[in-house]
Amino acid sequence: GQQVMQIPQYQHVQEGEDFTTYCNSSTTLSNIQWYKQRPGGHPVFLIQLVKSGEVKKQKRLTFQFGEAKKNSSLHITATQTTDVGTYFCAVSGVNDYKLSFGAGTTVTVRA
Amino acid sequence: DGGITQSPKYLFRKEGQNVTLSCEQNLNHDAMYWYRQDPGQGLRLIYYSQIVNDFQKGDIAEGYSVSREKKESFPLTVTSAQKNPTAFYLCASSTLAGNYNEQFFGPGTRLTVL
């Protein structure tokens, strides 16, 4: 399947600060999805991006799809303890319903 | 209550034994998937299926087998041929309507082979 690289692998954030995690591909993507997995839990779908340059917001979370559709970012403002977990990006090929997941960014928050 | 169920949550087996993990969904989804998750790694696709009685190998199918006799069920058997079976196993499902569909995950089964 398609390969995506996520950076950083770990993100330690002071409560109240902002941070960004990135998902990069060497090939053009048809779409990208983001999931969150809380410690001890299972991945939960957050959002899907399809259009070049698309930006979507969910409260303090901002998702962006690059103009070339080769990268995506997730930006969290004013980090809270509820943001703890691992954030995965996942991609699929054109007319292909299966997903390839990145290795994830694991976020910890210092109170 | 709609969703995906996996049982058991924790499973212990002796080396050399086959073990079957169950996955059931009542979301009326056509597609179902099995993933393996190891510490610090992402999800790796083992098998997937888009219709009853049909399934395809994912990226790491060796040592695993599946069946899809019913739309609601997609059990995974971890065979003795799997060299390193201890892992967290996640089942997921999705619709096939349209090209891009979110996947819904079950709570997972944590398998430990002693």
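Above: the structure in question.
How each quantity is defined
Residues numbered from 1 in each chain as written. Chains lettered and ligands numbered in written order. Predicted model: local features only at pLDDT ≥ 70, side-chain atom pairs only at ≥ 80, totals over all residues. Heavy atoms only, no water. Helix = DSSP H or I, 4+ residues; strand = E, 2+ residues; numbered from the N terminus. Rg over C-alpha atoms; globule rule 2.2 N^0.38 Å. Buried < 20%, exposed > 50% of the residue type's maximum accessible area, 1.4 Å probe, protein only. Disulfide = S-S within 2.5 Å. Patch = residues over 30% accessible without salt bridge, like charges linked within 9 Å, V, L, I, M, F, W, Y side chains within 5 Å. Areas by Shrake-Rupley, 256 points an atom, 1.4 Å probe, with all protein chains shown as cover. Salt bridge = Lys/Arg side-chain N within 4 Å of Asp/Glu carboxyl O. Pairing = 2+ DSSP bridges. Axes fitted to C-alpha atoms, helices over the stretch in contact; angles between N-to-C directions.

## Some details on the overall build of chain B
Part 1: The number of helices and strands found in chain B is zero helices and 11 strands.
Part 2: Its helices and strands taken in sequence order, chain B reads β-β-β-β-β-β-β-β-β-β-β from the N to the C terminus.
Part 3: Computed over its C-alpha atoms, the radius of gyration of chain B comes to 13 Å, within 12% of the 13 Å expected for a compact globule of 114 residues.
Part 4: With the C-alpha coordinates of chain B rotated into their principal frame, the extents come out at 40 × 30 × 25 Å.
Part 5: Looking at the 114 residues of chain B, the share that counts as buried comes to 46%.

## Quick look at the state of the cysteines
In a disulfide, the sulfur atoms of two cysteines are held together by a covalent bond.
Part 1: Taken as a whole and assessed by the stated rule, the structure comprises two disulfides over all chains.
Part 2: With its sulfur 2.0 Å from that of its partner, Cys-23 of chain A forms a disulfide with Cys-89 of chain A. Between Cys-23 of chain A and Cys-89 of chain A, the disulfide has an S-S torsion of 70° and is therefore right-handed. Here Cys-23 of chain A is found in strand β3 (residues 19-24), whereas its partner Cys-89 of chain A is found in strand β9 (residues 85-92), with 66 residues between them in sequence. For the residue pair Cys-23 of chain A and Cys-89 of chain A, the accessibility class agrees, reading buried in each case.
Part 3: In this model, Cys-23 of chain B is linked to Cys-91 of chain B through a disulfide, with the two sulfur atoms separated by 1.9 Å. Measuring handedness by torsion sign, the sulfur bridge of Cys-23 of chain B and Cys-91 of chain B sits at about -75° and is left-handed. Here the residue Cys-23 of chain B occupies a position in strand β3 (residues 19-25), and Cys-91 of chain B occupies one in strand β9 (residues 87-94), the gap between them amounting to 68 residues.

## Digging into unusual backbone geometry
Part 1: The omega torsion across Ile-7 of chain A and Pro-8 of chain A is -5°, close enough to zero to call that bond cis.
Part 2: With respect to the helices and strands, Pro-8 of chain A occurs in the loop between β1 (5-7) and β2 (10-14).
Part 3: With an omega dihedral of -10°, the bond running from Ser-7 of chain B to Pro-8 of chain B counts as a cis peptide bond.
Part 4: Residues other than glycine seldom take positive phi values, yet Lys-59 of chain A does so here, at roughly 55°.
Part 5: Residues other than glycine seldom take positive phi values, yet Asn-53 of chain B does so here, at roughly 65°.
Part 6: Here Asn-53 of chain B lies in the loop between β5 (43-51) and β6 (54-57).

## A look at a nonpolar patch on the surface
Part 1: Together, Tyr-10, Phe-12 and Leu-114 of chain B make up an exposed nonpolar region whose accessible area comes to about 380 Å².
Part 2: Mapping Phe-12 of chain B onto the fold places it in strand β2 (residues 10-13).

## Overview of the pairing of β3 of chain B
Residue and element names in this part refer to chain B.
Part 1: Side-chain alternation along β3 places Val-19, Leu-21, Cys-23 and Gln-25 on a buried face and Thr-20, Ser-22 and Glu-24 on a face that remains uncovered.
Part 2: Sheet analysis places β3 next to strand β8 (residues 76-78), joined by three bridges and oriented antiparallel. Pairing of Val-19 across the sheet is with Val-78, part of β8.

## Focus on the sheet that holds strand β6 (residues 55-58) of chain A
All names here are of chain A.
Part 1: The five strands are arranged β1-β3-β8-β7-β6 in an open sheet whose pairing can be described as antiparallel. Both edges of this open sheet fall to β1 and β6, since each of them pairs with a single strand only. With direction set aside, neighbouring strand axes in the sheet form an average angle of 15°.
Part 2: Note that β6 and strand β7 (residues 61-65) share four bridges and pair antiparallel.

## A few points about the sheet that holds strand β1 (residues 4-7) of chain B
Residue and element names in this part refer to chain B.
Part 1: Reading across from one edge, β1-β3-β8-β7 is the order of the four strands in this open sheet, with antiparallel pairing throughout. Sheet topology places β1 and β7 (64-66) at the edges, where each strand pairs with a single neighbour. Within this sheet the neighbouring strands show an average axis-to-axis angle of 20°, counted without direction.

## Looking at the pattern of salt bridges
Part 1: Going through the model one piece at a time under the given rule, you end up with five salt bridges over all chains.
Part 2: Residue Asp-83 of chain A is joined to Arg-60 of chain A by a salt bridge in which the shortest nitrogen-to-oxygen separation is 2.8 Å. Residue Asp-83 of chain A is located in the loop between β8 (71-76) and β9, and its partner Arg-60 of chain A is located in the loop between β6 and β7; the two are separated by 23 residues in the primary sequence. We note that Asp-83 of chain A, like Arg-60 of chain A, is buried.
Part 3: If you follow the salt bridges from partner to partner, you end up with Arg-36, Asp-38 and Arg-44 of chain B in one network.

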